[in-house]
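For reference, the chains in residue letters:
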Amino acid sequence: MLKFLAKRLLEFIPVLFIISFIVFVLVFVAGDPVALLLPEDATPEDIANLRKALGLDQPFHIQYFTYLAGLVQGDFGFSYRYNDHALPIVLERLPATFELAIAAMIVAIIIAIPMGIWSATKRNSMLDFVATGGAVLGRAMPNFWLGIMLILLFSVTLGWLPVSGRGTLQHLILPAITLGTGIAAEMTRLVRSSMIEILNQDYIRTAKSKGLRKFFVIYKHAFRNSLIPVITITALQTSTLVGGALVTETVFAWPGLGQLLIQAINTRDMAIVQASVFIIAILVIFMNLVADILYRVLDPRIKYN
C-alpha cells in the first residue's frame, strides 16, 4: 500500500506541471489585465509603466518560468482586484465550496442509492420506470435552470427559503438540491445497473436458497459488492461538483470558490484564476487517490502493483 501511494504521489508531479502550463497559456491569451486596471484616458506611457511593473512586458517563457518559480513556493501571484496574494483568497473561499459539495453529495446519495436499489430489485415495474425516467430527466436539466426554478417556487412564490447567500441551513438547501440532482441521476443509473449484475451472480442465488432474508441478501451481499463502480463514479463526480458549483454558486450568490473564479475570469484577475484552477486540480487528483484506496477496503481481492 505504501509503495503504491508513493508511486501515485510521484505521478502527480508531471500532471500538476502540465496543468500549470495549460492554465498559464489560457490566461496568457485571455487578454491584457492592464486594460482593466487603468482608466480609459490612460496614456500609452502609463500603460507601458504598469505592464513593466507587473512583469507583463517580458516574453512568454520568462513570464512562465517566473510563475513556475513562484508556484513551487506556493506563490500564485498578486490579485489586482483584492490587492493581496491570490492563494490566501482562494483558500478562504474553499470552506464554503466544501460545505456545498458535501451537502450536494449527501443529497445525491440519499436519492440515488435507495432509488437505484429499488429500481434493480423491481425491474420493469412502475417504480423502475419512474426511477429511470427521473434519472434521465435529472441528468438533462441544466443546473442554472433548475436553480432558477427552485428559487421561483420555494423563495419567490412560497417564501419558504432564502433566495441567496450563506449562513444558515436554509441557505444551503436549494443550492445543494440544485447541485446534487445531476449527480443523483448519474449515480441512480449506475447503482441500478451494478445491482442488476450482482443479483444475477451465483452466490446471490446461493444466499437466497439458504433461506436468508431478502433484506440481508440485498444490503449485505449484493449492495456492498456493487459499491466499487459507485465509488468510481463518485470520485469522478468531483470535477462535476466543481464544474456545477461554478454555475450554482453564481445563481445563488454562494460565496465559494466557484463564484470567486467566475468573478476573476470576468475581471481578468489572472492570479486568482491560476490559483483556483490549480487548487481544483489538486482536489480532483486527491479524490481519485481516495477512490483507489477505498477499492482495496471494499474488495480485498484488488491488489496494488
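As shown above, the structure is provided for reference.
Presented here is a report on the structure given in the accompanying data block. What you are looking at is a predicted structure, and each value in this text was computed from that prediction instead of being measured. (Residues numbered from 1 in each chain as written. Predicted model: local features only at pLDDT ≥ 70, side-chain atom pairs only at ≥ 80, totals over all residues. Heavy atoms only, no water.)

### A closer look at the packing of aromatic side chains
Now for step 1: Tallied over the entire structure, the rule returns eight aromatic pairs.
Now for step 2: For the pair Phe17 and Tyr64, a centre-to-centre distance of 6.5 Å together with 70 degrees between the ring planes defines the contact as edge-to-face. Taken together, the residues span a long stretch of sequence, with Phe17 in helix H1 (residues 2–30) and Tyr64 in helix H4 (residues 60–72) at a distance of 47 residues.
Now for step 3: Residue class for Phe17 comes out partly exposed when judged on its relative accessible area of 43%.
Now for step 4: Taking the centre distance of 6.1 Å and the plane angle of 45 degrees together, the rings of Phe154 and Trp160 count as tilted.
Now for step 5: Trp160 gets classed as exposed once you look at its relative accessible area, which sits at 56%.
Now for step 6: Aromatic ring contacts, followed pair by pair, group Phe17, Phe21, Phe24, Tyr64, Phe65 and Tyr67 into a single cluster. (Phe/Tyr/Trp six-rings, centres within 6.5 Å; stacked < 30°, edge-to-face > 60°. Helix = DSSP H or I, 4+ residues; strand = E, 2+ residues; numbered from the N terminus. Buried < 20%, exposed > 50% of the residue type's maximum accessible area, 1.4 Å probe, protein only.)

### Focus on the pattern of salt bridges
Now for step 1: Applying the stated criterion across every chain yields a total of three salt bridges.
Now for step 2: With its nearest N and O atoms 2.7 Å apart, the salt bridge here joins Arg166 to Glu99. Here Arg166 is found in the loop between helix H7 (143–157) and helix H8 (169–199), whereas its partner Glu99 is found in helix H5 (residues 86–121), with 67 residues between them in sequence.
Now for step 3: On the accessibility criterion, Arg166 (39% relative accessible area) is partly exposed. (Salt bridge = Lys/Arg side-chain N within 4 Å of Asp/Glu carboxyl O.)

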